[in-house]
Amino acid sequence: MATASSIEQQIEALREQLRHHEYLYYVLDAPEISDAEYDVLMNRLKKLEGEHPEMLTPDSPTQRVGGKPREGFAKMAHSRPMLSLDNAYNEEELRAWDQRVRSGLPASEKVRYVCELKLDGLSMALQYGAAAKAAAQLERGLTRGDGSIGEDVTSNVRTIRSIPLSVAAKKLETAGLPQSFEVRGEVVLPQAAFLKMNEERVAAGLAPAVNPRNAAAGTIRTLEPNIVAQRRLDFYAYFLLRDGDTFLPTHTETLEALKTAGFRVNTHAKTVDSIDQAVKFIADAEPLREKLGYEIDGVVLKVDATAQQRRLGFTGKAPRWAIAYKFPARAAITQLEDVLFQVGRTGKVTPVAALAPVFVGGTTVTRATLHNADEIARLGVKIGDYVNVERGGDVIPKIVEVVDDKQHPRGTKEIVFPAKCPVCETELVRVEGEVDWRCVNSSCPARVREELLHWAARGVMNIEGLGDAMVAQLLGQSAVLEELNAQGADEEEVAPVVPRTALIHSIADLYRLKREQLLSLERVGEKTADALLAQIGRSKEAGLARVLLGLGIRFVGERTAQLLAEHFGSMTALMEASVEDLEAVNEVGPKVAQAIVDFFAIRKNQHLVKELAALGLVMTAEKRVVGTAMAGMTFVLTGTLPTLTRDEAKSMIEAAGGKVSGSVSKKTSFVVAGEEAGSKLEKAEQLGVKVLDEAALLEMLKTQS
Ligand code: IVH
């Protein structure tokens, strides 16, 4: 029988191997074994750890997706503020900065610059702390937040494969790193991963993310680490701190040390002796842009010597020793050939520009959104006009302006916004004060189609096999109708309202589908039919949060749906909630609360929920346990607290059973006051209500629990 220590050795050896291969694959981009071989090692380790849970350590490669979905992110202060950079938009501004740098230093000193690509992602601080055997271990990942306080996204950061979960003692030693240190850098979503994610979103009827940066930022704030793990984020390191400060003599050495310690450092970095060489680096970097596989939006120059950095110091928000040279936005001129009108899930009609194909920002663009009727008016654009199309790293290109000198006065045609829905012919409605025209027919085939696609989407009800084509078939829509949905409202061409062969007319109908019905569809065999039915059946168990998300209530995204589900615990409780009850939920404001109440006031929606419940969908969630320590106490929060946000303080009080109110009265038990507390504090003093600071509140929460 294997002894405990030999098993421990096996486990450690497997971990070492896996870490090494992860490093080769994710950091160096140079794998030495196949994915299948990697999986074999991983499975062996999982098995051993499963048999010996006492030997599990948090930095094991099996623990990248260990975190449970969380309710929100805690706020944490940065070891030193995460600043932003001043920008230069042309060579002149760049040279002016170089002048300022050199005049800020003794004339006799040489100045070297490190040129780095400006990665278009989101900045992240990774804190490592001492672990067993003199190694360092990833303890915390913080977003930039407001620069002073970030969000603790550790469980998500741990899923990024190019981020080491630990750094072995030996590596620390060769890199010259202490056991506790902080690495700062950029989290990016590579283009391939971004395109894949958007393809899936579009196939599922969801709006595509605007650009990789937004997608990365959204992903890192997702509440489910396993979704983050699927998205394949990447991390490039560019800063190294000890006790909140840089400590190696030069930035060049800092980058080297990061590399040695196993972090991914962007390979396109160069140390130069003069601003002329930096200008050359920039000129070379711009054409690189289309080939990198990830977005960059400029070049960052940093003074190399740490001592010089210290002497130059900071202005209010940015270091004097660094500057961001921003590339110009990528734009091109092309002709507007036509305008199509698309009907979305909520009935909103969006005008879409059909453009003569033009190559801009690395792809051929044929479509651009025109947003709404106001935007068309603002641009003063007509069909046949030449327009300037811009892509600022965004997938959805934008028409910036009409190009005057190329206007074709003879050929242009006014854009006529349709009066009727291009799909079901219902009169379009524009709510007073809103810009959008909507099709208000809730059975409009275009709307039902979008509703179904949203319901089935990954991250919503996850019904695999229910994509564009299948939904069209189930609705009895041919490709022709889909095409029409995107056409101008030419009255003669409009398709029948609901084609006769539709198998379903609503989300609830999905759960009534019969095997024979599916088999009657073209190109649907037994295997496809059974798989789809199994997927639909499985989705019944998705739970309240997913159902809420799937219903497509305005402003209710993944996070809000989760918070609502945890707060109310059941659909019934949620549907009975008043605006006030809803606003008591952490992060739910008046606008969201009203949207929820409005949604459930509509008979059709009530009916749908009833049907779904009767069809066996799970409409409950585990309720967050509310403590009783502060039961009966009412708090009023005022001013800015040193570390907690309002929402956090509120949810902590509520978690202990207390109530948070907006105004001070005699019934108020405590006022929690931060900096710049105003009239509420005065009122508290007048009424003799006890005032606490944040520390006292935290102390109270601690002793109460
Ligand atoms: S250095 C105090 N280096 O650009 C200096 N930033 O516009 C802080 N960024 O917040 C940043 N690539 O998120 C630095 N090679 C790079 C960068 C980089 C991208 C981002 C970073 C920062 C923003 C400032």
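Quick note: structure is the one above.
Quick notes on the rules
Residues numbered from 1 in each chain as written. Predicted model: local features only at pLDDT ≥ 70, side-chain atom pairs only at ≥ 80, totals over all residues. Heavy atoms only, no water. Near = heavy atom within 4 Å. Polar contact = N/O pair within 3.5 Å; in protein donor to acceptor, adjacent residues only side chain to side chain. Helix = DSSP H or I, 4+ residues; strand = E, 2+ residues; numbered from the N terminus. Pairing = 2+ DSSP bridges. Contact = heavy atoms within 4.5 Å. Axes fitted to C-alpha atoms, helices over the stretch in contact; angles between N-to-C directions. Buried < 20%, exposed > 50% of the residue type's maximum accessible area, 1.4 Å probe, protein only. Arc of directions from axis to C-beta. Salt bridge = Lys/Arg side-chain N within 4 Å of Asp/Glu carboxyl O. Left-handed = near helix turned anticlockwise from the far one by under 90°. Nonpolar A, V, L, I, M, F, W, Y, C, P; charged D, E, K, R; others polar. Core = buried A, V, L, I, M, F, W, Y, C linked by side-chain atoms within 4.5 Å. Expected span 1.5 Å × (residues − 1).

1. Some details on the site of the ligand
Now for step 1: Taken together, 13 residues sit near the ligand, with Glu-116, Lys-118, Leu-119, Glu-186 and Lys-302 positioned nearest.
Now for step 2: Glu-186 is positioned such that a nitrogen or oxygen atom in its side chain is 2.7 Å from an oxygen atom of the ligand.
Now for step 3: With four residues, the top contributor of residues to the shell around the ligand is strand β3 (residues 113-119).

2. Some remarks on the sheet that holds strand β12 (residues 322-326)
Now for step 1: Pairing in this open sheet of five strands is mixed, and the strands run β2-β12-β11-β3-β10 from one edge to the other. Lying at the two open borders of the sheet, with one neighbouring strand each, are β2 (87-88) and β10 (270-272).
Now for step 2: By the bridge criterion, seven bridges tie β3 to strand β11 (residues 296-303) in an arrangement that is antiparallel. Residue pairing across strands places Leu-117 opposite Val-299, the latter belonging to β11.
Now for step 3: Against the sheet, helix α3 (residues 91-103) touches β2, β3, β11 and β12, its axis set at about 175° to β12.

3. Here we look at helix α9 (residues 251-260)
Now for step 1: Listing the buried residues of α9 in full gives His-251, Thr-254, Leu-255, Ala-257 and Leu-258. Projected down its long axis, α9 carries its buried residues within an arc of 160°, all on one side.
Now for step 2: Looking at the buried positions of α9, the neighbouring elements they touch are β3, α5 (169-175), β8 (181-188), β9 (234-241), β11 and α11 (306-312).
Now for step 3: Immediately downstream of α9, the backbone of Gly-262 shows phi near 105°, a positive value.

4. Focus on the pattern of salt bridges
Now for step 1: Under the definition given, this model contains 38 salt bridges.
Now for step 2: The salt bridge partner of Arg-19 is Glu-16, with a shortest N-O separation of 3.0 Å. In this pair, Arg-19 and Glu-16 are both assigned in helix α1 (residues 4-27), three residues apart and thus about one turn of the helix distant.
Now for step 3: Classification of Glu-16 by relative accessible area gives partly exposed; the value is 41%.
Now for step 4: A salt bridge links Glu-51 to Lys-47; the shortest N-O distance between them is 3.5 Å. Taken together, the residues span about one helical turn, with Glu-51 and Lys-47 both in helix α2 (residues 35-51) at a distance of four residues.
Now for step 5: Residue class for Glu-51 comes out partly exposed when judged on its relative accessible area of 44%.
Now for step 6: On the basis of relative accessibility, which here comes to 55%, the residue Lys-47 falls in the exposed class.

5. Considering the packing of α3 against helix α10 (residues 275-288)
Now for step 1: Between α3 and α10, the shortest axis-to-axis distance is 11 Å and the interhelical angle comes to 145°. Seen from above, α3 lies across α10 with right-handed handedness. Taken together, the residues of α10 that come into contact with α3 (itself represented by Glu-91, Leu-94, Arg-95 and Asp-98) are Ile-275, Asp-276, Val-279 and Ile-282.
Now for step 2: Split into classes, the residues belonging to the contact of α3 with α10 amount to four nonpolar, no polar and four charged.

6. Considerations on the sheet that holds strand β23 (residues 690-692)
Now for step 1: Reading across from one edge, β21-β20-β22-β23 is the order of the four strands in this open sheet, with parallel pairing throughout. Only two strands of the sheet have a single neighbouring strand rather than two, namely β21 (659-661) and β23. Going across the sheet, the axis of each strand differs from the next one's by a mean of 35°, ignoring polarity.
Now for step 2: Alignment of strand β20 (residues 634-638) against β21, held across three bridges, turns out to be parallel. In the sheet register, Thr-634 faces β21, and the bridge partner there is Lys-659.
Now for step 3: Packing of helix α25 (residues 646-655) onto the sheet brings it into contact with β20 and β21, and relative to β20 it is tilted by some 170°.
Now for step 4: Packed on one face of the sheet, helix α26 (residues 679-687) meets β20, β22 (670-673) and β23 and runs near 140° to β20.

7. Here we look at the nonpolar core
Now for step 1: By size, the foremost hydrophobic cluster in this structure holds 55 residues, and its most contacted members are Trp-455 and Leu-510.
Now for step 2: Considering each element in turn, this core owes the most residues, six residues, to helix α19 (residues 544-551).
Now for step 3: The contacts of Trp-455, once residues within four sequence positions are left out, are Val-460, Met-461, Asn-462, Ile-463, Ile-507, Leu-510, Tyr-511, Val-547, Gly-550, Leu-551, Leu-612 and Leu-617.
Now for step 4: With 42 residues, the next largest nonpolar core counts Val-153, Leu-177, Val-187 and Phe-235 among its residues.

8. Considerations on the side chain of Arg-546
Now for step 1: With respect to the helices and strands, the residue Arg-546 is situated in helix α19.
Now for step 2: Setting aside residues no more than four positions away along its own chain, Arg-546 makes contact with Glu-224, Gly-459, Val-460, Met-461 and Asn-462.

9. Examining α2
Now for step 1: Its 17 residues give α2 an end-to-end C-alpha distance of 24 Å, which sits within 8% of 24 Å, the value for a rise of 1.5 Å per residue.
Now for step 2: Where α2 is concerned, the buried positions are Tyr-38, Leu-41, Met-42, Leu-45, Leu-48 and Glu-49. Across the axial projection of α2, the buried residues extend over an arc of 125°, all falling on one side. Turned more than 90 degrees away from the buried face of α2, the exposed residues are Lys-47 and Gly-50.

Without other data, these values stay purely geometric and don't point to any function.
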